[in-house]
Amino acid sequence: MKNMGINSFLRHKCDIYFGSISPTAESYGLPIADNEIIYSDKPDIVDCVCYFSTNEVKILEREPYSTYIGANELCLPSGIQIKKGDKVVDKRYNLEYTLGFPENIRGKYISVPLYRTDNQERL
């Protein structure tokens, strides 16, 4: 019988970019509303094995380009150090996602919800 471990489940590839919060200037003694997350031009983790799952997908046709709305999840090998706000690029379709809060599933793999920003076009 073939070995059906977690490695056979992780059959997709992705690039991971670690996000860092850019310093924001204060105006009139008040901080600016939202901190901007900046990413490096080169991925921090290249060709990471993973698995993308899609639960429901809705594409809205809008100008200047379509908006993707969906409930997606990313599974990564245990031991990958990621955090909320990091960016991942699906190597199959060149789609960019922002990571939610990661959850370690029994020490076997990491499950992370994925989000797409509004009006995000293909890379």
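Anything mentioned here points back to the structure above.
Quick look at the structure, then. The shown structure was predicted, so the numbers you read here are calculated from the model rather than taken from an experiment.

In total, this model carries 3 aromatic pairs according to the counting rule given. Taking the centre distance of 4.6 Å and the plane angle of 40 degrees together, the rings of phenylalanine 9 and tyrosine 51 count as tilted. Placement of phenylalanine 9 in helix α1 (residues 6-9) and of tyrosine 51 in strand β6 (residues 45-60) is noted, with a sequence separation of 42 residues between them. On the accessibility criterion, phenylalanine 9 (28% relative accessible area) is partly exposed. Both rings, one in phenylalanine 52 and one in tyrosine 97, keep their centres 6.0 Å apart while their planes meet at 35 degrees; by these two values the pair is tilted. With a gap of 45 residues between them, phenylalanine 52 in strand β6 and tyrosine 97 in strand β9 (residues 95-99) connect regions that are remote in the sequence.

In terms of nonpolar packing, the biggest core is built from 16 residues, with Cys14, Ile16, Phe52, Leu74, Leu76, Ile82 and Val88 touching the most fellow members. Beyond its immediate sequence surroundings of up to four residues, cysteine 14 is in contact with Ile45, Val46, Asp47, Cys48, Cys50, Phe52, Leu76, Val88, Val89 and Lys91.

Relative to the helices and strands, isoleucine 38 is located in strand β5 (residues 37-39). Among the residues examined, isoleucine 38 registers a relative accessible area of 39% and is labelled partly exposed. Excluding its chain neighbours within four sequence positions, the residues that come into contact with isoleucine 38 are Phe18, Gly19, Ser20 and Ser22.

On to the side chain of histidine 12. The residue histidine 12 is located in strand β1 (residues 12-17) in this model. For histidine 12, the residues in contact, after removing those within four places along its chain, are Cys48, Val49, Cys50, Tyr51, Phe52 and Arg92.

Quick notes on the rules
Residues numbered from 1 in each chain as written. Predicted model: local features only at pLDDT ≥ 70, side-chain atom pairs only at ≥ 80, totals over all residues. Heavy atoms only, no water. Phe/Tyr/Trp six-rings, centres within 6.5 Å; stacked < 30°, edge-to-face > 60°. Helix = DSSP H or I, 4+ residues; strand = E, 2+ residues; numbered from the N terminus. Buried < 20%, exposed > 50% of the residue type's maximum accessible area, 1.4 Å probe, protein only. Core = buried A, V, L, I, M, F, W, Y, C linked by side-chain atoms within 4.5 Å. Contact = heavy atoms within 4.5 Å.

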